[in-house]
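Listed below are the residues making up each chain.
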Amino acid sequence: EPEVTQTPSHQVTQMGQEVILRCVPISNHLYFYWYRQILGQKVEFLVSFYNNEISEKSEIFDDQFSVERPDGSNFTLKIRSTKLEDSAMYFCASSPSGRSGVSRGYTFGSGTRLTVV
Amino acid sequence: QKEVEQDPGPLSVPEGAIVSLNCTYSNSAFQYFMWYRQYSRKGPELLMYTYSSGNKEDGRFTAQVDKSSKYISLFIRDSQPSDSATYLCAMSPASGSARQLTFGSGTQLTVLP
């Protein structure tokens, strides 16, 4: 079964540092997403990406965040200057298309646990 | 009022019991309704999806949507210890191609052998 792969599984960084979270979506998928889950809280939408540009983004996804698909296989989330409140599990997901993605369900990765100290 | 509300539990049942999990929502634009299962340290995994109102059955799982009451349910029959996980409801509007999901807070379920 195809998987969405995320690396690293756990990242510890100092406040103010830049971090890049990496994802390899399923190869024939067209839509890519980042969600995050702060410990004990809901899974929250951050951003969706299609055709090399952002489709939608939430209020959480401010100027400190950026996404990129640098080489046709990887999909990255960059946080420029991390804050303590950025500590969370970050999930990457992909879907074949926006419409069928809902019916077949997005495929989520196992997540990267980001700890900002 | 929160957009999606879900009783966080925890819910503990004996093996073989019927489990009922529920969510309520406030946004009438939601048209797609999903249930995800999340094991510890893993990403959400889609269990069931329903468009608009109605019932859908898949093996031991039945999803129900009542749009008039803004209420969705997931029933698990003959529950097994392997069903122990956190169950998340998620919803999406019909418009917009990317279909961002709005999740409930999740219900932690333990099925005791």
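Position numbers for residues start from 1 in each chain and track the written sequence from start to end. As they are written, the chains are lettered A onward and the ligands numbered 1 onward, keeping that order. For this predicted model, a pLDDT threshold of at least 70 governs which residues receive local features, and a threshold of 80 or more governs which side-chain atom pairs are given and counted, while totals over whole chains, interfaces and linings are taken from all residues. Neither water nor hydrogens contribute to the side-chain values; these are computed over all heavy atoms in the structure.

Visitor: Please clarify how the layout of surface pockets should be interpreted in this entry.
Guide: It is a probe the size of a water molecule, rolled over the atoms, that shows where empty space is left. The rule is simple: put a 1 Å grid over the protein atoms alone, call a set of points where a 1.4 Å probe fits but cannot get out a cavity, call an open set with protein on both sides within 12 Å along at least five of seven lines a pocket, and count a residue as lining if it has an atom within 4 Å of a point. Grid points are joined across faces, edges and corners, and a volume is the space filled by probe spheres set on the points. Taken as a whole, the largest pocket spans an internal volume of roughly 730 Å³. In terms of lining, the largest pocket is formed by 30 residues, of which the most central are T107(A), F108(A), G109(A), S110(A) and G43(B). We count a stretch as a helix when DSSP gives it H or I for four or more residues in a row; a strand needs E for two or more, and each element gets its number in order from the N terminus. Contributions of two or more residues to the lining of the largest pocket are made by β1 (5–7) and β10 (107–108) of chain A together with β4 (30–38) and β5 (45–51) of chain B. Only Asp, Glu, Lys and Arg are considered charged in this grouping, and only Ala, Val, Leu, Ile, Met, Phe, Trp, Tyr, Cys and Pro are considered nonpolar; every other residue, Gly among them, is considered polar. Residues belonging to the lining of the largest pocket are distributed by class as follows: ten nonpolar, twelve polar and eight charged. For the second largest pocket, the calculated volume is near 560 Å³. Lining of the second largest pocket is provided by 28 residues; of these, Q37(A), L39(A), G40(A), Q38(B) and T86(B) occupy positions nearest its centre. Taken together, the elements giving at least two residues each to the lining of the second largest pocket come down to β9 (88–95) and β11 (112–116) of chain A together with β9 (85–93) and β11 (107–112) of chain B. A total of four residues in the lining of the second largest pocket trace back to one element, the largest contributor, which is β11(B). Looking at the lining of the second largest pocket, its residues break down into eleven nonpolar, 14 polar and three charged.

Visitor: For this particular structure, what's the right way to read the side chain of R69(A)?
Guide: Relative to the assigned elements, R69(A) resides in the loop between β7 (65–68) and β8 (75–79). Here the term buried applies to any residue with accessible area under 20% of the maximum for its type, exposed to any over 50%, and partly exposed to those in between, with areas from a 1.4 Å probe on protein chains only. By the counting rule applied here, Lys and Arg register as positive and Asp and Glu as negative, while His and the ends of each chain are not counted. In the sections that follow, a salt bridge refers to a side-chain nitrogen of Lys or Arg positioned within 4 Å of a carboxyl oxygen of Asp or Glu. Buried charge R69(A) goes without a salt bridge, the closest partner of opposite sign being D71(A) at 6.0 Å.

Visitor: I tried to follow the packing of aromatic side chains on my own but got confused; where do I start?
Guide: The description of two aromatic rings rests on the distance between their centres and on the angle between their planes. Aromatic pairs are defined between Phe, Tyr and Trp rings, using the six-membered ring for Trp, whenever the two ring centres lie within 6.5 Å; interplanar angles under 30 degrees are classed as stacked, those over 60 as edge-to-face, and all others as tilted. All told, the structure shown has 19 aromatic pairs over all chains when counted by the stated rule. Residues Y33(A) and Y35(A) carry aromatic rings whose centres are separated by 6.5 Å and whose planes lie at 45° to one another, so their mutual orientation is tilted. Relative accessible area serves as the criterion here: at 0%, Y35(A) is assigned to the buried category. Geometrically, the ring pair formed by Y32(B) and Y49(B) is stacked, given 6.3 Å between the ring centres and 20° between the ring planes. Taken as a pair, Y32(B) in strand β4 and Y49(B) in strand β5 lie far apart in primary sequence, 17 residues in all. As far as burial versus exposure is concerned, Y32(B) and Y49(B) are alike and both buried. Taken together, the ring pairs connect Y33(A), Y35(A), F45(A), F91(A), Y106(A), F108(A), Y36(B) and F103(B) into an aromatic cluster.

Visitor: Help me understand the nonpolar core in this model?
Guide: Side chains of a nonpolar character, in soluble globular proteins, are inclined to be buried together. What makes a nonpolar core is a set of buried Ala, Val, Leu, Ile, Met, Phe, Trp, Tyr and Cys residues whose side-chain atoms join them at distances within 4.5 Å. Counting residues in each nonpolar core, the largest one holds 24 residues, and the members touching the most others are W35(B), I72(B), L74(B), I76(B), Y87(B) and M91(B). Broken down by secondary-structure element, the contributors of at least two residues to this core are β3 (19–25), β4, β5, β7 (61–66), β8 (71–76), β9 and β11 of chain B. Only heavy atoms enter the contact rule, under which two residues are in contact if any of them lie within 4.5 Å. Among all residues touching M91(B), those that are not within four sequence positions of it are V4(B), C23(B), Y25(B), F30(B), Y32(B), F33(B), M34(B), I72(B), Q100(B), L101(B) and T102(B). Core analysis: the second largest hydrophobic core is formed by 22 residues, V4(A), F61(A), F75(A) and Y90(A) among them.

All we've got here are geometric facts, nothing functional implied.
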